[in-house]
Each structure stands twice: as structure tokens, then as C-alpha cells.
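# Remarks on the overall topology
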Amino acid sequence: MLSRETFHRVNRIVLLTTAVASFVLPLCIITLHKTVVVSEDAGSITLDYLGPVVVEVAEPNTPLWQTLAVVVFFAGMALVLGHTLLALMKVWRLISRSERHQQPDGTTVCVAEGDVSPFSWMNYIVLSRNDYEAQEASVLAHERGHIRQHHSADVLLVDMLTALQWFNPAMWMLRQDLRAIHEYEADAAVLSQGINMRHIRKPIVRAG
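In short, a report on the structure.

What counts, and at which threshold
Residues numbered from 1 in each chain as written. Predicted model: local features only at pLDDT ≥ 70, side-chain atom pairs only at ≥ 80, totals over all residues. Heavy atoms only, no water. Phe/Tyr/Trp six-rings, centres within 6.5 Å; stacked < 30°, edge-to-face > 60°. Buried < 20%, exposed > 50% of the residue type's maximum accessible area, 1.4 Å probe, protein only. Helix = DSSP H or I, 4+ residues; strand = E, 2+ residues; numbered from the N terminus. Axes fitted to C-alpha atoms, helices over the stretch in contact; angles between N-to-C directions. Parallel < 35°, antiparallel > 145°, perpendicular 65-115°, else oblique. Left-handed = near helix turned anticlockwise from the far one by under 90°. Contact = heavy atoms within 4.5 Å. Nonpolar A, V, L, I, M, F, W, Y, C, P; charged D, E, K, R; others polar. Expected span 1.5 Å × (residues − 1). Pairing = 2+ DSSP bridges.

## A few points about the packing of aromatic side chains
Evaluation of the coordinates by the stated rule reveals 4 aromatic pairs. Judged by centre distance (5.2 Å) and plane angle (75°), the ring pair of Phe-73 and Phe-74 falls under edge-to-face. The exposure class assigned to Phe-74 is partly exposed, which follows from its relative accessible area of 46%. Relative to Tyr-124, the ring of Trp-92 has its centre 6.2 Å away and its plane inclined at 75°; by these criteria the two rings are edge-to-face. With a gap of 32 residues between them, Trp-92 in helix H2 (residues 64-96) and Tyr-124 in strand S4 (residues 124-128) connect regions that are remote in the sequence. What links up through ring pairs into an aromatic cluster is the set Phe-73, Phe-74, Trp-166 and Phe-167.

## Considerations on the packing of helix H1 (residues 8-24) against helix H5 (residues 151-164)
The N-to-C vectors of H1 and H5 enclose an angle of 30°; their axes lie 11 Å apart at closest approach. One finds that H1 runs roughly parallel with respect to H5. Here H1 and H5 pass one another in a crossing that is left-handed. Contacts between H1 and H5 pair Arg-12, Leu-16, Ala-19, Val-20 and Phe-23 from the former with His-151, Asp-154, Leu-157, Val-158, Leu-161 and Leu-164 from the latter. When the residues that make up the contact of H1 with H5 are grouped by side-chain class, the tally is 8 nonpolar, 1 polar and 2 charged.

## Some thoughts on H2
The end-to-end C-alpha distance of H2, which contains 33 residues, comes to 47 Å, matching closely the 48 Å that a straight helix rising 1.5 Å per residue would cover. Every buried residue belonging to H2 is among Gly-76, Met-77, Val-80, Thr-84, Val-91 and Ile-95, and all of these are buried. Where H2 is buried, its residues contact strand S1 (99-102), strand S2 (108-112), strand S3 (119-121), S4, H5 and helix H6 (169-191).

## Section: the packing of helix H4 (residues 137-148) against H6
At a minimum axis separation of 8 Å, H4 and H6 run at an interaxial angle of 125°. Of the possible angle classes, the one that applies to H4 and H6 is oblique. Like other packed secondary-structure pairs, H4 and H6 cross with a definite hand, here right-handed. Taken together, the residues of H6 that come into contact with H4 (itself represented by Ser-138, Ala-141, His-142, Gly-145, His-146 and Arg-148) are His-182, Glu-183, Ala-186, Asp-187, Ala-189 and Val-190.

## Observations regarding the sheet that holds S2
Taken together, 4 strands build an open sheet; the order of strands is S1-S2-S4-S3 and the sheet is mixed. What marks the edges here is a single partner per strand, and that holds for S1 and S3. In this sheet, neighbouring strand axes are inclined to one another by 25° on average, regardless of whether the strands run parallel or antiparallel. The pairing of S2 with S4 spans 5 bridges and is parallel. Bridge pairing in S4 places Val-109 opposite Ile-125.

## Observations concerning the environment of Gly-82
As for its placement among the helices and strands, Gly-82 is situated in helix H2. Taking the relative accessible area as the measure of exposure, Gly-82 reaches 35% and is therefore partly exposed. Considering only alpha carbons, one finds Gly-82 and Ala-163, 81 residues apart in sequence, at a separation of 9.4 Å.

Okay, here's the thing in C-alpha cells:
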């Protein structure tokens, strides 16, 4: 419904709210009260006391398919969480091994050796040596746009929710749409500084 809207922040809020609401709404219990009027001439009912009654209820056996479904669910959740943690470990290892340059705006530019596409995570901007020496304003403005709008927090939240709903195709589509909106918002941050959009180089792989 909102795919053609250019208000990217509104789209972002809607996607995040939808993701969280999918977990909160099932926990909401709606109680409806109905008033019943009992006529006085409805008569009376007398119950004779027959003593205590003991009823034994046998516990039903859990079907095999339910047990397998639970096992598959937790296995898939562990797989998605493991993939997310592995990606975070790779990003943190890359940052820890990089040459760091503190910036006046509070961000830190990390210069990594080798062929690394520009990306940002939390308050860190990771660049290759060539990109750092080039000092392209469009690249830095784009990554700072991600940082200022806390896109890494969105990615982390949605990744955790995806681990709990890994079986739901809608969650994966929501995750992809949210990342696209992040790019649009970062591009808008570049445009607000008067930088030509044609000079923006899109990263191949983003960490947040």
C-alpha cells in the first residue's frame, strides 16, 4: 500500500510497527461482557448433594508431528540467530583490526585493508584504503545518513524478530523492504547537502 509513497520515514515506522505488532497482538485478550436478565418466575433448581466426585482424566499423548514441528522451529531459529551473530562477529573483527580515525561529529572512520565496500555499523564507518584516501563526500554523507537515523538498530531488531518468524515469508519481505527504505533515507541525507546523486556509489554488502 505504501510502496509508492515517498515519505520514507513514514514507511519505516509502519514496517517497524507492523513487525512488533505481529508479536504483541496475539497476547492481547479481548473480553466481552453480556448482561443476562433472569426472570423471577423462572423457577428454582434444587441440586441434591451426592458427595465428592473424582474424575480421572488421562493425559493425551502428544502427536509426533507436533514434536517435530517444535524441533524444526527451534532449529530454524538457532540457524538464523547463528547467522546473525556470525555476521556481527565478522563486522566487529573487521572494525577492531582497522585503522580508526575519530571524526568531529562523533563517528569513527575505520580504514580496512583489502577490497571492502563502504558500510556503516552503529557509529562506525568502514572504508577501504582507496576510499579513505579519495575522501568522496557522497560516500561519507551516505554512511553518516545511516548512522544519524539509527538504521543499525532497526536492522538488529528486525533480525531478532526474523529469527522468531523465520518460517514467515512476510517477515523476510518486510526485512528486505526496510533495508531498501534505509538506502532511500541515506540518499535523501546526501541530497540535503547538495551532493549530486550520480556520485553516490552503492555498497555491495551492507552491515547496517
